[in-house]
Amino acid sequence: MLRNKGSNKLSMVEGDYGLTLPLIINGITIDIDDKINFYIKKERNGEKIIDQIYENIVDNTIGLTFSEEEAEKLQVGKYKYAIDWYKKDAFNGNLVKEKDFEVEDKL
């Protein structure tokens, strides 16, 4: 299960995939040609483990979901995620920066 734990903290159960969590972006207006980059890292300066681009965003909402291959990359533990905003392919700012993402044990 993929879920929002409040205060921009997200979690999932190890191995879960194909479930969608709507993430509503408040405080700005995202245009249809803007892009949102959602990514997860194990450590602040580490490589991106998950790196997703969302386009054609409607109602400031992205449907966060992981494929089976992406879910396999996320083992039990704590990670950091971020969401970046791009306008006309140029970086426009961090919408969420280095927030907690936890992968919980199946049991």
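Residues numbered from 1 in each chain as written. Predicted model: local features only at pLDDT ≥ 70, side-chain atom pairs only at ≥ 80, totals over all residues. Heavy atoms only, no water.

Colleague: So what exactly am I meant to see when it comes to the pattern of salt bridges here?
Modeller: It is possible for side chains of opposite charge to pair when their charged atoms get near one another. Scanning the entire structure with this criterion turns up ten salt bridges. Taking the shortest distance from any N to any O, the salt bridge between E98 and R44 comes out at 3.1 Å. Of this pair, E98 sits in strand 8 (residues 90-104) while R44 sits in the loop between strand 4 (35-41) and strand 5 (48-54), placing them 54 residues apart in sequence. Residue E98 is classed as partly exposed on the basis of its relative accessible area, which comes to 34%. For R44, a relative accessible area of 57% gives the class exposed. (Salt bridge = Lys/Arg side-chain N within 4 Å of Asp/Glu carboxyl O. Helix = DSSP H or I, 4+ residues; strand = E, 2+ residues; numbered from the N terminus. Buried < 20%, exposed > 50% of the residue type's maximum accessible area, 1.4 Å probe, protein only.)

Colleague: How should I be thinking about unusual backbone geometry in this particular structure?
Modeller: Residues apart from glycine generally show negative phi values, whereas peptide bonds are mostly found in trans. The phi angle at N8 is positive, at roughly 65°, despite the residue not being glycine. Note that N8 resides in the loop between strand 1 (2-6) and strand 2 (9-13). In the Ramachandran plot, K88 falls in the positive-phi region, its phi being about 50° despite a non-glycine side chain. By relative accessible area, K88 is classed as exposed at 69%.

Colleague: Help me understand the sheet that holds strand 8, please; the structure alone is not making it clear to me.
Modeller: Taken in spatial order, the six strands of this open sheet run 1-2-8-7-4-5, and their pairing is mixed. This sheet does not close on itself; its edge strands, each paired only once, are strand 1 and strand 5. Pairwise comparison of adjacent strand axes, ignoring direction, gives a mean angle of 25° for this sheet. Note that strand 1 and strand 2 share four bridges and pair antiparallel. Pairing of L2 across the sheet is with M12, part of strand 2. (Pairing = 2+ DSSP bridges. Axes fitted to C-alpha atoms, helices over the stretch in contact; angles between N-to-C directions.)

Colleague: Got a minute to help me understand the environment of K99 in this structure?
Modeller: Position of K99 among the secondary structure elements: in strand 8. For the pair K99 and K80, spaced 19 residues apart in sequence, the C-alpha to C-alpha distance is 5.3 Å. Residue contacts for K99: discarding those within four places in its chain leaves S7, N8, Y79, K80 and Y81. (Contact = heavy atoms within 4.5 Å.)

Colleague: How should I be thinking about the packing of aromatic side chains in this particular structure?
Modeller: To describe a pair of aromatic rings, you give the distance between the ring centres and the angle between the ring planes. This model, assessed by the stated rule, comprises four aromatic pairs. Here the aromatic rings of F66 and F101 are separated by 6.0 Å at their centres, their planes lie at 85°, and the arrangement is edge-to-face. Of the two residues, F66 sits in the loop between strand 6 (61-65) and helix 1 (68-72) while F101 sits in strand 8, which places them 35 residues apart along the sequence. Given the relative accessible area of 4%, F66 is considered buried. Given the relative accessible area of 1%, F101 is considered buried. Site record: aromatic cluster; members linked through ring pairs are F38, F66, Y81 and F101. Over the aromatic face of Y79 sits the side chain of K42, whose NZ or CZ is 4.5 Å from the ring centroid. For the cation-ring pair, K48 lies above Y39, with the distance from its terminal atom to the ring centre recorded as 4.2 Å. (Phe/Tyr/Trp six-rings, centres within 6.5 Å; stacked < 30°, edge-to-face > 60°. Lys NZ or Arg CZ within 6 Å of the ring centre and 35° of its normal.)

Any link to function would need more than the numbers given here.
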